[in-house]
Amino acid sequence: MQNDPAKAESGLPLKVLVIDDHPLVRRGLVETIQEEFSNVVVAEASDSQSCIESVLREIWDVILLDIAMPGRSGLDILQEIKQERPKTPVLILSNYSEDQFAIRSLKSGANGYLTKDVVGHELVAAIKRVLAGGKYIGASLAEKLATYLDVDTSKPLHNTLSNREYQVMRMLANGQMPKEIAAELSLSIKTVSTFRSRILKKMMMKNNAELMRYAMENGLVDTHPPSA
């Protein structure tokens, strides 16, 4: 076991906030952190409201945030955290492949991005990295970022969408109906329909079929649904 050097010298515990709506996932993350760091306090939040309350109530050394939270998207929560606590490192945890959300997360202020299938052996390294003031990106993500930076100004159409529009677009492209999307995101069906209209206009498309084709061609939809 070890601790952040600055924390160890001060005698203060390392404070970590884990935000995920799946109890088993939270338990695994907490156990990994407690096994590695000898003097650590880990708190948990299961939804956006308790997350923001915890962020406002205390100062955290690092926050682990699931990108797929019910009600509000993890990217929306990330932006609010960064508004309230701009210096607090935030590591994004995701079931989605890196090319779908990683770049958006980093642009929104995240200090690192981990997919949950590799989080077990990368989590500790990522926490140490961001505590030292750096950003954590895995080798595959570094390669994607290099490719992204080489792209000229003719950005892909989906990069013109807001974070919420992008989330709704992916759900539509996965074949979800407006009623299902509204229930999952805690929105009205009318609001979802408004988002759909904006998405089609920005992406210069006529219907959901074109969205589905575009999303498949650009690797924006999941071949298999993510597991908890």
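Preceding this paragraph is the structure being described.
So, how was this worked out
Residues numbered from 1 in each chain as written. Predicted model: local features only at pLDDT ≥ 70, side-chain atom pairs only at ≥ 80, totals over all residues. Heavy atoms only, no water. Pairing = 2+ DSSP bridges. Helix = DSSP H or I, 4+ residues; strand = E, 2+ residues; numbered from the N terminus. Axes fitted to C-alpha atoms, helices over the stretch in contact; angles between N-to-C directions. Buried < 20%, exposed > 50% of the residue type's maximum accessible area, 1.4 Å probe, protein only. Salt bridge = Lys/Arg side-chain N within 4 Å of Asp/Glu carboxyl O. Right-handed = clockwise from strand over helix to strand, strands pointing away.

Asker: I would appreciate a short explanation of the sheet that holds strand β4 (residues 90–94) in the present structure.
Answerer: One open sheet holds the 5 strands; their spatial order is β2-β1-β3-β4-β5, and the pairing between them is parallel. The sheet is open, and its two borders are formed by β2 (40–45) and β5 (112–115), each paired with just one other strand. When strand polarity is set aside, the average angle formed by the axes of neighbouring strands in this sheet is 20 degrees. Taken together, the 6 bridges between strand β1 (residues 14–19) and β2 define a ladder with parallel strand orientation.

Asker: What am I meant to see in unusual backbone geometry here?
Answerer: Leaving glycine out, the prevailing phi sign among residues is negative, and the prevailing peptide bond configuration is trans. Even without being glycine, serine 186 reaches a positive phi, approximately 60 degrees. Checked against the element boundaries, serine 186 lands in the loop between α9 (178–185) and α10 (189–202). The exposure class assigned to serine 186 is exposed, which follows from its relative accessible area of 59%. One non-glycine residue, methionine 204, lies in positive phi territory at about 55 degrees. When you line up the elements, methionine 204 lands in the loop between α10 and α11 (208–217). Overall, methionine 204 belongs to the exposed group, its relative accessible area being 66%.

Asker: It is not clear to me how the pattern of salt bridges should be interpreted in this structure. Could you clarify?
Answerer: Once the charged atoms of two side chains with opposite charge are near each other, the side chains can pair. Counted under the stated rule, the structure contains 6 salt bridges. Note that lysine 15 is salt-bridged to glutamate 58, the shortest N-O span being 2.7 Å. Of this pair, lysine 15 sits in strand β1 while glutamate 58 sits in the loop between α3 (48–57) and β3 (62–66), placing them 43 residues apart in sequence.

Asker: Help me understand the pairing of β3, please; the structure alone is not making it clear to me.
Answerer: Across a regular strand the side chains alternate sides, sitting on one face of the sheet and then on the other. Burial analysis of β3 places 5 of its 5 residues in the buried class, which makes it a mostly covered element. Along β3, one buried face is formed by Val62, Leu64 and Asp66 and the opposite face, lined by Ile63 and Leu65, is buried too. Relative to β3, β1 is paired through 4 bridges, and the arrangement is parallel. By the bridge assignment for β3, leucine 17 is matched with isoleucine 63. The parallel pair β3 and β4, bridged by helix α4 (residues 74–84), forms a crossover whose chirality is right-handed.

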